[in-house]
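Report on the structure
Single-letter residue listing:
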Amino acid sequence: MEEKIRQLTERVESSVLSCADMRTLNDLKVGVLGKSGELTAILRNIKDLPPEQKPAAGKIVNEARVKLEKIFAERGKALEEKELNEKLASEKIDITIDKNVLKGGLHPLNIVRNKIVDFFVSLGFIVADSPEIEKNYYNFEALNIPEDHPAREIQDTFFVTKDICLRSQTSTGQIRMMEKVKPPIKMISPGRVYRSDNPDATHSPMFHQIEGLVVDKNITMCDLKGILELFAKEIFGESTKIRFRPSYFPFTEPSIEVDATCSHCHGAGCRVCKGTGWIEILGAGIVNRNVLKNCSIDPDVYTGFAFGAGMDRITNIFHGITDARVPFENDVRFLKQFN
Amino acid sequence: MKLQLSWLNDFVKVDDITPQELADKLVGIGFEVEEIIYTGAEIDKVVTAKILDIKPHADADKLSVCMVDSGNEILTIVTGAKNISVGDMVPLALDGSTLPGGKKIVSSPLRGVMSYGMLCSGKELGVDESTVKGASANGILILDKNVAPGLDIREVLGLNEYIFDISLTANRPDCQSVYGMAREVGALLSRKVKAPSLKYKTVANNESVSVKISAPDLCSRYSARLIGNIKVQESPLWMRRRLKNSGLNPINNIVDITNYVLLEIGQPLHAFDTAFIDGGINVRTAKPGETITALDGNLYELKENMLVIADDKKPLAIAGVMGGEYSGINDNTKTVLLEAARFARGTVRSTSRALGLRSDSSARYEKGVDYMSIDLGRERALSLISQLKAGDIYSFVGYDGIKEPKEKVIKTSAEAICGILGIKIKASDIIKILKSLEITVEDNGSALICHIPRFREDIDNYTDLAEEVIRFYGYDHIVPTLFKLSETTFGGLNNEQKKIERYKSYLVGKGMNEIISYSFINPDFYDKLLFDKNDGVRNAIRIMNPLSEEYSVMRTQLTGSMLDVVRLNCSRKNENFRLFEIAKTYIPNTDEPNELPFENQTLSVAFVGKDEDFYDIKSVLCNMPDLANIDYKLGYSEKRFLHPGISADIIIDGNIIGSFGKVHPTVAKNFDIPENVYVGELNLEYIIDKKRSTVKYDPLPKYPGVARDIAVTVKADYLVGDMFDSVKCAAGELFESIELFDVYTGEQIEKGFKSVAFSVKLRNKEKTLTETEITDTMKAIIEVLEKDFGAKLRS
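Note that this is a predicted model, so its numbers are computed, not measured.

On to the overall build of chain B. Along the backbone of chain B there are 20 helices and 40 strands. Over its C-alpha atoms, taken along the principal directions, chain B stretches across nearly 130 × 85 × 60 Å. Taken over 795 residues, chain B has a buried fraction of 53%. Split by element, the accessible area of chain B, about 37,400 Å² in all, is 49% carbon and sulfur. For chain B, the distance from the average position of its 98 positive side-chain charges to the average position of its 113 negative side-chain charges is 2 Å.

Dropping the structure here:
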């Protein structure tokens, strides 16, 4: 009997391995281990053996059964996996096909604006809105721009009445803020500004600025450099450096222009930076004492700094947009490049 | 301004550093050199050469073959010129040379004879008679015979000047001159600045002219001198060259001197021929109807706010702008009145603008002329007149106005200056820098008493001094810090700003692209949008000085701009896109017209594409954050830019806060866009400040609900929304939700009717629904539909 079982096991084992699908395997399993299967028949015959042989025979048959069941189970698992894989393979689709879903996005100017706003908000700045149609006082006088200053000429600024204009700079937001809130102040004010320039590759009658203002005790030029250096790194990349150049604005003293190392050539000199390695990114300075006085803030107690950046310029430099008119055309082929 | 380095070198030594080096240093103190111009930049390898021999060309009647000495070799040159003789010194463009305009000269045969270069005319070298004698000759430029051969022609013709084009800031009019820049360069390089020569002799004479200022607000100081025995002639070459390099044409010695002083000292001067002065000089505003023919030959009508220099009878000059036609210098001029004055920059600017008349003098006055340069400029001019022997300087001095402005004294300290800068600079370094700028500093141990020179009208307080210090100490010394000594502040967006960002995120998620369009529009948009002539939306703020009609009114609605953007995209064959803009509309304050207008945050949307329909724009707009939680109503819109049957108004508390729908076909035609465009506009001010009350959790249902489908036919003009409201009402407390799944007209449905199929979900929150409850509710629903809408149940 032992020999018979050995032969059966061997035969079944090789049949199982050559089984190609689940159904054949199941049929085979029934033929061996089923109620009227071959092994079941052998087991049934044990009862006819002499009692002293029964335990040994039973053990042999059971061992064979366990072994065969394991073989069937293993093969079954392998076949199931194979069949599943075949099914999955047959379900393969063309993933390069697109469903026609519209993809939206913000205007690139506002993507950059948000990036700038997020940066300053993270440093404790509030975001202040102020009117775009503004009294001359806020656009000029309060900012220490005297009556005979060239910026007040009718050909530079749009006027609505003799006392009201379209703001030509977001610096108006400084005054609006300081009239309402006393130091410490940390604010930025982004928005639309207007100047009487016909649209061309480098001008637009409407563009965007972001104003920054910090007023507190002991604010210094070094703080201005600290924050603007971080800002430039945030916008143009970690390796960006900045430099200060003396300049002049009526509402700051000392006044500076801030250059950043060119984001395209990293300072080596290229077309974007006209070979200098530097690009002008904003104007800044220590808030003029007269401006603080105009807002009833004591300039002997408080100092502050302010800066104003052209967001369109920064955006255009950053994205390599060479014509200032393009962002205002709103051609969807342009807009979708930034989605 | 244009700064000639050799001129600068008259006052401060700069000829031992390269122009580039000097330019780089100037940037550090706030003078951006936009361009370094070399006057000979376009000329290369052109030398002086002596003509040794001229022979006719064997094969060409019009050509000659010359032998010339180019300094280190004898060359054969073929030329067509007729004005040369043996022994003449001429400019020779060698093989491989360059001439103005980029012209290249190479050795080449001319009718069989090799020419190793080209003899040049004055025109070919870009010079004219004003600085080079013989430059206009027909033929070759004949140079001075004493010039050696082989010299660089740029040296010989004075085309070796470096000129800086410097951009000056508005606060530094004192630097608008060679001498003004010399003071800065002297401080920059720690070099001595030589004062301009002011030497001259006066001739005793009792001629005089009375001088009076009648408009002291517009002219704070007026001075005049008389110069007799005027000899009008050409000014010397050095002066003509400097004027020419500054873009001024030399005229005669007297005019040239006034221009020269304007460039050198920064003081505009005017020379009047006294033969045309009737009586005394009166600086006054123009009389009504007064006119003047200016030096440019044009007649100008003067306004009463314009300042003139007049005699007893007539205006002689428009102050600071231009002299009168007859007051100018001519060959017969015997005696000249030389004016040096300070006119308010505002008056010169507005007069110049109003008349459309500009001059070098007006440009200078507009920037501001300081008190000190009046005397300096006048004295310098007299010294040059004396040097050029152009006339006799009489002893008469005419004067009116402020003699000398008060000296500004600023008391400060090294600590105050360093306090602003944030770095420590030694007091001795601060004093040294200030002194180099001609600021007198007294250090009394605790304070620095600074006496500001009068030409520095920009310096008012210690912050200005701090700027002077750091300009020369160097901004590189500023170390970045981050508010070491100040308070922490709470930052962030306010509620409204957060809302706007949220709306934008929502819209972007709906596949929309943001646009940014101009705030000013063409008022014809209101016509194109079919707004009624009396519609309040037409009450828009007009810009007094718009660029053009196209950008002339501040928009009170965004749809016009949006449709214009749609037009641009469609004209470029872009299709299938959704756009939005959140921007302000500007609504005039009709109650207080002198107050600022209201600026309302407004949303504009457009859906363009064959697959878009009314329900797309509706679902996007009506599910806007905030709006979705407000009790609003929809009604058919009467906005004339929308299709009357495919449009809706969003109404809150009786106010229409927004409208959307398909554009009216006439509007589509007006804007030249396809008809299947959907637009919407929503005044966000109504929803932006709506605070949603805290959401209280509603326990999820424990008992099962049931869904029942119903299909009815009703008259086509009944609204599904109204039917659903009735269903909801009829279902009462058991109502959970209702969902439309089909609206059908066509076969099997009677004409004028439609089939509406929907699913109602019922649920009892307290217990499992009984069959009776369900049946009764469904019966109630059907009854109400039958009663209110004449609905017939479809089987």
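The next subject is the side chain of Lys584 of chain B. Considering the arrangement of structural elements, one finds Lys584 of chain B in strand E31 (residues 577–587). In terms of polar contacts, Lys584 of chain B uses its side chain to reach the side chain of Glu599 of chain B, at 3.1 Å. The contacts of Lys584 of chain B, once residues within four sequence positions are left out, are Ser130 and Glu132 of chain A together with Arg555, Leu558, Glu599, Asn600 and Gln601 of chain B.

Quick look at helix H8 (residues 221–236) of chain A now. All names here are of chain A. For H8, with 16 residues, the first-to-last C-alpha span of 22 Å sits near the 22 Å given by 1.5 Å per residue. Among the 16 residues in H8, twelve count as buried, and that is most of the element. Along H8, the residues that are buried comprise Met221, Cys222, Asp223, Leu224, Lys225, Gly226, Ile227, Leu228, Phe231, Ala232, Ile235 and Phe236. Of the residues that open H8, the one with a side-chain oxygen 3.1 Å from the backbone nitrogen of Cys222 is Thr220. Gly237 sits one or two positions beyond H8 and adopts a positive phi of about 115°.

Residue and element names in this part refer to chain A. Between helix H5 (residues 108–122) and H8, the least distance of the axes is 10 Å, while the angle of their chain directions is 140°. As far as their axial angle goes, H8 and H5 are oblique. Crossing of H5 against H8: the hand is right-handed. Contact with H5, carried on its side by Lys115, Ile116, Phe119 and Phe120, involves Ile227, Leu230, Phe231, Glu234 and Ile235 of H8 and no other residues of that element.

Further remarks concern the domain arrangement of chain A. Each assigned domain of chain A is listed here: domain 1 (2–90) and domain 2 (108–338). A separation of 84 Å is found between the C-alpha centroids of domain 1 of chain A and domain 2 of chain A.

A few words now on the sheet that holds strand E16 (residues 281–285) of chain B. Residue and element names in this part refer to chain B. Ordered in space as E13-E16-E19-E20-E21, the five strands form an open sheet in which the pairing is mixed. Two strands lie at the open edges of the sheet, namely strand E13 (211–213) and strand E21 (322–323), each paired on one side alone. The sheet contact formed by E16 and strand E19 (residues 307–310) spans four bridges and is antiparallel. Of the residues in E19, the one forming a bridge with Thr285 is Leu307.

Examined against the element boundaries, Phe120 of chain A turns out to sit in helix H5. A relative accessible area of 0% places Phe120 of chain A in the buried class.

Residues and elements named next belong to chain B. For Asp649, the position within the fold is in strand E34 (residues 642–652). Look at Asp649: it is buried, it has no salt bridge, and the nearest opposite charge is Lys639 at 4.4 Å. Of note is the side chain of Asp649, whose polar atom sits 2.7 Å from the side chain of Ser637. Of the polar contacts made by the side chain of Asp649, one reaches the side chain of Ser659; its length is 2.6 Å. Excluding anything up to four places from it in sequence, Asp649 contacts Lys633, Leu634, Gly635, Tyr636, Ser637, Glu638, Lys639, Ile656, Gly658 and Ser659.

With that out of the way, let us pick up the pairing of strand E9 (residues 303–310) of chain A. All names here are of chain A. Along E9, seven of the eight residues are buried, which leaves the element largely enclosed by surrounding structure. With eight bridges joining them, strand E5 (residues 206–216) and E9 adopt antiparallel strand pairing. Counterpart to Val215 in the pairing with E9 is Gly304. When strand E8 (residues 278–287) meets E9, the two strands line up antiparallel, connected through five bridges. In the strand pairing of E9, Ile286 is matched with Phe305.

The interface of chain B with chain A comprises 86 residues on the first partner and 88 residues on the second. A buried area of about 7,300 Å², summed over both sides, lies between chain B and chain A, and 58% of it is on carbon and sulfur atoms. A salt bridge links Arg572 of chain B to Glu329 of chain A; its shortest N-O distance comes to 2.9 Å. On inspection of chain B and its partner chain A, the count reaches 43 residue pairs in polar contact (both at pLDDT 80 or more). It is E31 of chain B that provides the largest number of residues to the side of chain B that touches chain A, a total of eight residues.

Leu228 of chain A together with Leu22 and Leu26 of chain B are the most contacted members of the largest nonpolar core, which totals 116 residues. In terms of residues, this core owes the most to one element, H8 of chain A, which gives nine residues. Once residues lying within four places of it in the same chain are set aside, the contact partners of Leu228 of chain A are Ile242, Phe244, Val258, Leu282, Ala284 and Phe307 of chain A. If you look at the next biggest cluster of nonpolar residues, it comprises 38 residues, including Ala215, Tyr222, Ala286 and Tyr365 of chain B.

Another aspect to go through is the pattern of salt bridges. Inspection of the entire model under this criterion finds 68 salt bridges over all chains. Across the salt bridge formed by Lys67 of chain A and Glu13 of chain A, the nearest N and O atoms sit 3.9 Å from each other. Highlighted residues: Lys67 of chain A in helix H4 (residues 54–90) and Glu13 of chain A in helix H1 (residues 2–18), separated in sequence by 54 residues. When its relative accessible area of 30% is taken as the criterion, Glu13 of chain A is described as partly exposed. We note a salt bridge from Arg240 of chain B to Glu234 of chain B, for which the minimum N-O separation is 3.7 Å. Looking at Glu234 of chain B, the relative accessible area reads 46%, which means it is partly exposed.

The next point concerns the domain arrangement of chain B. When the parts of a complex come together, some accessible area is lost, and that lost area is often taken as the interface size. The assigned domain composition of chain B is domain 1 (2–39 + 162–189), domain 2 (44–156), domain 3 (202–401), domain 4 (408–477), domain 5 (495–688) and domain 6 (706–793). Taking the mean C-alpha position of each, domain 3 of chain B and domain 6 of chain B sit 95 Å from one another.

Another aspect to go through is the sheet that holds strand E37 (residues 706–715) of chain B. Residue and element names in this part refer to chain B. If you walk across this open sheet you meet the four strands as E38-E39-E37-E40, and the pairing is antiparallel. Here the strands that pair on one side only, and so sit at the sheet edges, are strand E38 (735–744) and strand E40 (792–793). Relative to E40, E37 runs antiparallel, the two being bridged by two bridges. Pairing of Thr713 across the sheet is with Lys792, part of E40. The sheet strands contacting helix H20 (residues 771–789) are E37, strand E39 (753–762) and E40, and the helix crosses E37 at an angle near 15°.

Residues and elements named next belong to chain B. Using the criterion set out here, one finds zero disulfides over all chains in the structure. Distance from the sulfur of Cys120, which forms no disulfide, to the nearest cysteine sulfur (Cys66) is 13 Å. Its relative accessible area of 0% is what places Cys120 among the buried residues.

This paragraph deals with the packing of helix H6 (residues 253–264) of chain B against helix H9 (residues 371–387) of chain B. All names here are of chain B. Closest axis-to-axis distance for the H6/H9 pair is 9 Å, and the angle between their directions is 135°. In terms of axis orientation, H6 runs oblique to H9. The way H6 lies across H9 gives a crossing that is right-handed. Within the contact between the two elements, H6 uses Ile257, Tyr260, Val261 and Glu264 and H9 uses Gly377, Arg380, Ala381, Leu384 and Ile385.

Turning to the pairing of strand E23 (residues 392–401) of chain B, a few remarks are in order. Two faces belong to every sheet, and in a regular strand the side chains alternate between them. Two elements, strand E12 (residues 202–203) of chain B and E23 of chain B, share two bridges in a ladder whose sense is parallel. Looking at E23 of chain B, one finds that Thr202 of chain B is bridged to Ile393 of chain B.

Parameters and conventions
Residues numbered from 1 in each chain as written. Chains lettered and ligands numbered in written order. Predicted model: local features only at pLDDT ≥ 70, side-chain atom pairs only at ≥ 80, totals over all residues. Heavy atoms only, no water. Helix = DSSP H or I, 4+ residues; strand = E, 2+ residues; numbered from the N terminus. Buried < 20%, exposed > 50% of the residue type's maximum accessible area, 1.4 Å probe, protein only. Areas by Shrake-Rupley, 256 points an atom, 1.4 Å probe, with all protein chains shown as cover. Lys, Arg positive; Asp, Glu negative; His and termini not counted. Charge placed at Lys NZ, Arg CZ, Asp CG, Glu CD. Polar contact = N/O pair within 3.5 Å; in protein donor to acceptor, adjacent residues only side chain to side chain. Contact = heavy atoms within 4.5 Å. Expected span 1.5 Å × (residues − 1). Axes fitted to C-alpha atoms, helices over the stretch in contact; angles between N-to-C directions. Parallel < 35°, antiparallel > 145°, perpendicular 65-115°, else oblique. Left-handed = near helix turned anticlockwise from the far one by under 90°. Domains from an automatic or database assignment. Pairing = 2+ DSSP bridges. Salt bridge = Lys/Arg side-chain N within 4 Å of Asp/Glu carboxyl O. Buried area = accessible area lost by both parts, 1.4 Å probe. Core = buried A, V, L, I, M, F, W, Y, C linked by side-chain atoms within 4.5 Å. Disulfide = S-S within 2.5 Å.

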